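Per-entry structural report
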Amino acid sequence: MAKVTIDGIEIEVPDGTSILNAARMIGGDVVPPAMCYYSTLKETGGKCRVCLVKVTQGSAKDPRPMPKLVASCRTNVMDGMVVQNITSPEVLEARKGVVEFLLINHPLDCPICDQAGECDLQNLAYEHGAAKTRYEEDRRTFEKIDIGDKIKLHMNRCILCYRCTFVADQLTNNRVHGVLNRGDHSEISTYIEKAVDNDFSGNMIDVCPVGALTDKTFRFKQRVWFTNPMDAHRDCPKCSGKVVLWMKGEEVLRVTARKDQYAEVKEYICNECRYDHKDITHWKVEGPRHIDRGSVISQNHYERIDLQKLKKEVERQLEFQKGKPLPEPNSLNA
Amino acid sequence: MARKLLLQHENVPGINTFEVYRKNGGYASVEKALKSMTPDEVMEEVKKSGLRGRGGAGFPAGMKWSFLDRKSEKPRYLVCNADESEPGTFKDRYLMEKIPHLLIEGMITSSYSLGANTSYIYVRGEYMYVISILEKAIEEAYAAGFLGKNILGTSYSLDLYVQPGGGAYICGEETALLESLEGKRGNPRLKPPFPAIAGLYASPTVVNNVETIAAVVPIVNQGGDEYAKIGVGKSTGTKLISASGHINKPGVYEIELGLPVEEFIYSEEYCGGIWKGRKMKAVVAGGSSVPILPTDLILKTAKGEQRLMTYESLSDGGFVSGTMLGSGGFIVLDETACIVQHLHTFARFYHHESCGQCSPCREGTGWMEKVIHRIEHGHGHQGDIDLLVDVAKKIEGNTICPLGDAAAWPVASAIRHFREEFEYHIKYPEKVKNPKHFELEPFVSEKSLVTA
Ligand SMILES: Cc1cc2nc3c(=O)[nH]c(=O)nc-3n(C[C@H](O)[C@H](O)[C@H](O)COP(=O)(O)O)c2cc1C
Ligand code: SF4
Ligand code: SF4
Ligand code: FES
């Protein structure tokens, strides 16, 4: 076991736990955001850099601070480690920079994007971004392509978190998709637009933090916050069969795996459950799905509202915003 | 004449063949090491020599070797980094082209010391002709019994392979190189683990630059102590410098570390002074990634001491007034050069070469290039300079591999030392429309006009 202090809060965690996961055990505002790490996919993380934190004391044995900010998702805790996340202006400044980097080539087409309302980038930009952009040049653009008959790739929106390539590697057989080219011209692609076609490929859609991979059977059907998410299950020989049905009235508009409060899927589902059972009679409905993380999805009040909880959440937000250093005005190009 | 340890036979006709190389004392280090020394004794000599990595970072070679996980059951590997792609650096190519057997000899002696029975030379893909030179040399070495099973009748065996790179600068970063060597996309790995613990095929691996490995030959031949007598302080031995730019005699020079920078630039033995009788404006001393310095700061440190060609002296003053020896790519700019234009060339390179794995480097390098392009072509505006400084700051230190830093430092240092030139571009957009603007009318600092 290792004792680690994050933003002044002490916790004891098993050896080999990452700083990010230690922070998640504490919960609340000290949890760094994560755009590329995915707990149920091996080797993810380290790439997006939004989870950077400052290690002010390496360990009890070697108390020297680490010279640079480190990716909390891929740095393991040591006994006696002291970490700063939201208490370090340096971390918040770097994070603001990363969010800006993630947005400069992003099309900002939320009004027509199916992911809006359940997009990690939207949430991240809301909490850490600036209101104006300093970027004046043309954004890089790609053509939209179909990868398989069920998935649309909208490369303009991709943040190159590599999660989908890990799905392809770890959950499906015969990987046919990966990353082409370098730098800001890298793109997710299949070999000559070959169809991604195997039983678990649909999970790419769920792990994608943005609207780069969307479900063609759901595209443009409905804004997610006008749907009612319901936990449901069926006996499935291929997967756990535990899903969320996104309903409008009695109609099943979309089927996805269940995501936790960090928007991560713990139990992946097969393509048959995802695409071929859009009929309420095929499922045993368990009840409304609770969507966490202050998502706009909860705004349609499909769940019974817990006023006490809502008040707490609003207070938490106000408190968090108060503690943040004011964003610097983007007056450079004014 | 300065002492030469690597290039002393460069002009001997036929030195690229095994026969002539051997006649000139070649492969003596292999004989000495395999027949009269234990692997650890060879490593001791390398430690004593004070040899530092010649690939850029200057990490002590002997210490790196000592980190190799010798308890592991897995095979160990020595990988030679011959991916040389840093703008301004061409010394490894010169060495491999002229005296290929020196590298092969160094590989054998070093592999013996590290206990590697399979070793690789990862050569930049664009150096196709060098690859055939090396392959021919390796064939000759096999034929002469210096490679293969039971070398020189000892129990030591070694197979040596040449691997052409895929054509990316990033594959020179040691972990990207290992990925590429394994046949994967050349993305740098997250460290730790370091290659010494889990490198090629997750086995203990040492990655060294061509020149580092070549230097092991004279070190074993004459002993580490003798080698350490050359140089100043912790900068021991000789170093290959690739000199380019506005000088009379561009080329590859072997210098003794400790040579004054001024002598290197102006003496007939080396660069032969600035061309066309012009004055010097700035120097990039160690390849495109290191901070650029104006004339006064490259010749003398901020404290007024003479600057020497050593790791320590060049970095004296840190990022404020110093630079780095880096890979030894020495680029000289004369008074007609435009710093903004020069910086744009570098920025374009880093934008093109970022692997795209981590957001600050992927997005930031492209952004910086575009802003510098805008300034250079007379479309910049007030605020662009501070914007550049801020973007560079947000990349630096926040990325997976040092390419992000390497892209940020040239920008930060160019603005630190030549801010007025950037301002000039923004103030007089008409004057910089012609790409040869400073050749037609050299830049004169307005500050100095006022004070003069
Ligand atoms: C982007 C990047 C490119 C690099 N390119 C080279 C290269 O072309 N040749 C080289 O020897 N080292 C290169 N390096 C340094 C290597 O990562 C590594 O430090 C070096 O090969 C170690 O050898 P040494 O200790 O003998 O210097 C590069 C590093 C980075 C970050
Ligand atoms: S498509 Fe989505 S999951 Fe794949 S790399 Fe891009 S953002 Fe990540
Ligand atoms: S710093 Fe640049 S080159 Fe290095 S891993 Fe990140 S994106 Fe790739
Ligand atoms: S979540 Fe840690 S770097 Fe992306």
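Residues numbered from 1 in each chain as written. Chains lettered and ligands numbered in written order. Predicted model: local features only at pLDDT ≥ 70, side-chain atom pairs only at ≥ 80, totals over all residues. Heavy atoms only, no water.

**Points about the overall build of chain A**
Secondary structure summary: chain A contains 7 helices and 14 strands in total. Across the 334 residues of chain A, 53% fall into the buried class. The long-range share in chain A, meaning contacts at least 24 apart out of those at least 6 apart in sequence, stands at 64%. With the model as given, the accessible surface of chain A reaches about 15,900 Å², and the carbon-plus-sulfur share is 52%. (Helix = DSSP H or I, 4+ residues; strand = E, 2+ residues; numbered from the N terminus. Buried < 20%, exposed > 50% of the residue type's maximum accessible area, 1.4 Å probe, protein only. Contact = heavy atoms within 4.5 Å. Areas by Shrake-Rupley, 256 points an atom, 1.4 Å probe, with all protein chains shown as cover.)

**Section: empty space enclosed by the protein**
Residue and element names in this part refer to chain A. Under the counting rule described, the total for this entry stands at 6 cavities of 30 Å³ or more. Looking at the largest cavity, it is lined by 15 residues, and the ones nearest its centre are Gln115, Glu118, Ile205, Asp206 and Arg254. The set of elements that each furnish at least two residues to the lining of the largest cavity consists of helix H5 (203–207), strand E10 (213–215) and strand E13 (251–256). Looking at the lining of the largest cavity, its residues break down into 5 nonpolar, 3 polar and 7 charged. Summarising the domain contributions, the lining of the largest cavity has at least three residues from each of domain 2 (105–131 + 138–219) and domain 3 (221–322). (1 Å grid on protein atoms, 1.4 Å probe; cavity = no way out; pocket = protein on both sides within 12 Å on 5 of 7 lines; lining within 4 Å. Points joined across faces, edges and corners; volume = space filled by probe spheres on them. Nonpolar A, V, L, I, M, F, W, Y, C, P; charged D, E, K, R; others polar. Domains from an automatic or database assignment.)

**A look at the sheet that holds strand E11 (residues 228–233) of chain A**
Residues and elements named next belong to chain A. The antiparallel open sheet is built from 4 strands, whose spatial order is E13-E12-E11-E14. A strand with exactly one partner marks an edge of an open sheet, and here the two such strands are E13 and strand E14 (284–288). Going from strand to strand, the sheet's axes swing by 35° on average, the running direction of each strand aside. Relative to E13, strand E12 (residues 242–248) is paired through 5 bridges, and the arrangement is antiparallel. (Pairing = 2+ DSSP bridges. Axes fitted to C-alpha atoms, helices over the stretch in contact; angles between N-to-C directions.)

**Here we look at the domain arrangement of chain B**
Residue and element names in this part refer to chain B. Entries for chain B in the domain assignment read domain 1 (18–229), domain 2 (238–334) and domain 3 (339–445). Each of domain 1 and domain 2 was reduced to a C-alpha centroid, and the two centroids are 28 Å apart. With 17 residues of domain 1 in contact, the opposing surface of domain 2 contributes 20 residues. Across the contact surface, domain 1 and domain 2 share 2 salt bridges. One salt bridge in this structure joins Lys239 and Glu211, with 2.9 Å as the shortest N-O distance. Between domain 1 and domain 2 we count 12 residue pairs in polar contact (both at pLDDT 80 or more) in total. In terms of residue count, the dominant contributor to the side of domain 1 that touches domain 2 is helix H5 (residues 91–98) (3 residues). Classifying every residue of the side of domain 1 that touches domain 2 by side-chain character gives 6 nonpolar, 6 polar and 5 charged. (Salt bridge = Lys/Arg side-chain N within 4 Å of Asp/Glu carboxyl O. Polar contact = N/O pair within 3.5 Å; in protein donor to acceptor, adjacent residues only side chain to side chain.)

**Quick notes on the interface of chain A and chain B**
In this complex, chain A contributes 36 residues to the contact, which on the side of chain B involves 38 residues. Of the roughly 3,000 Å² buried between chain A and chain B, counting both surfaces, carbon and sulfur atoms make up 49%. Looking only at chain A, the three residues that lose the most surface to chain B are Phe101, Arg134 and Arg182 of chain A, adding up to 25% of its buried area. At the boundary of chain A and chain B, one finds 7 salt bridges. Residue Lys68 of chain A pairs with Asp405 of chain B through a salt bridge whose shortest N-O separation is 3.9 Å. The interface formed by chain A and chain B holds 22 residue pairs in polar contact (both at pLDDT 80 or more) in total. If you list the elements that add at least two residues to the side of chain A that touches chain B, you get helix H2 (89–104) and strand E8 (177–180) of chain A. (Buried area = accessible area lost by both parts, 1.4 Å probe.)

**Things to note about a nonpolar patch on the surface**
Residue and element names in this part refer to chain A. On the surface, Leu307, Leu310, Val314 and Leu318 cluster together into a nonpolar patch covering about 410 Å² of accessible area. Structurally, Leu307 can be placed in helix H7 (residues 307–323). Given the relative accessible area of 62%, Leu307 is considered exposed. (Patch = residues over 30% accessible without salt bridge, like charges linked within 9 Å, V, L, I, M, F, W, Y side chains within 5 Å.)

**Concerning the pattern of salt bridges**
A full pass over the atoms with the stated rule returns 57 salt bridges over all chains. Between Arg134 of chain A and Asp390 of chain B there is a salt bridge whose closest N-O contact spans 2.7 Å. In this pair, Arg134 of chain A is assigned in the loop between helix H3 (120–128) and strand E6 (145–147) and Asp390 of chain B in helix H18 (residues 384–395), connecting two distinct chains. As far as burial versus exposure is concerned, Arg134 of chain A and Asp390 of chain B are alike and both buried. Through salt bridges with shared partners, a single ionic network connects Glu93, Glu100 and Arg134 of chain A together with Asp390 and Lys394 of chain B.

**Some remarks on the sheet that holds strand E3 (residues 159–164) of chain B**
Sheets are built from strands paired through backbone hydrogen bonds, the pairs being either parallel or antiparallel. Residue and element names in this part refer to chain B. As summarised here, the arrangement of the 4 strands in space is E3-E2-E1-E4, forming an open sheet in which the pairing is parallel. Among the strands making up the open sheet, the edge pair consists of E3 and strand E4 (205–209). Averaged over all pairs of adjacent strands, the angle between strand axes in this sheet comes to 20°, irrespective of strand direction. By the bridge criterion, 6 bridges tie strand E2 (residues 118–123) to E3 in an arrangement that is parallel. Paired with Val123 across the two strands is Pro164, which belongs to E3.

**Observations regarding the confidence of the model for chain A**
In this model, chain A carries a mean pLDDT of 89, and residues with pLDDT of at least 70 account for 89%. Contacts for the low-pLDDT stretch residues 329–334 of chain A, under 50 throughout, to residues beyond four places or in other chains number 14 contacts. (pLDDT = per-residue confidence, 0-100.)

**Comments concerning the environment of Arg274 of chain A**
Residues and elements named next belong to chain A. Mapped onto the elements of the fold, Arg274 is located in helix H6 (residues 271–275). Overall, the relative accessible area of 1% leaves Arg274 in the buried class. Separated by 33 residues in sequence, Arg274 and Gly241 place their C-alpha atoms 9.4 Å apart. Not counting residues within four places of it along the chain, the set of residues in contact with Arg274 comprises Gly202, Asn203, Asp206, Asp215, Val255, Thr256, Ala257 and Ile269. Of the polar contacts made by the side chain of Arg274, one reaches the side chain of Asn203; its length is 3.1 Å. In this structure the side chain of Arg274 is engaged in a polar contact, spanning 3.0 Å, whose partner is the side chain of Asp206.

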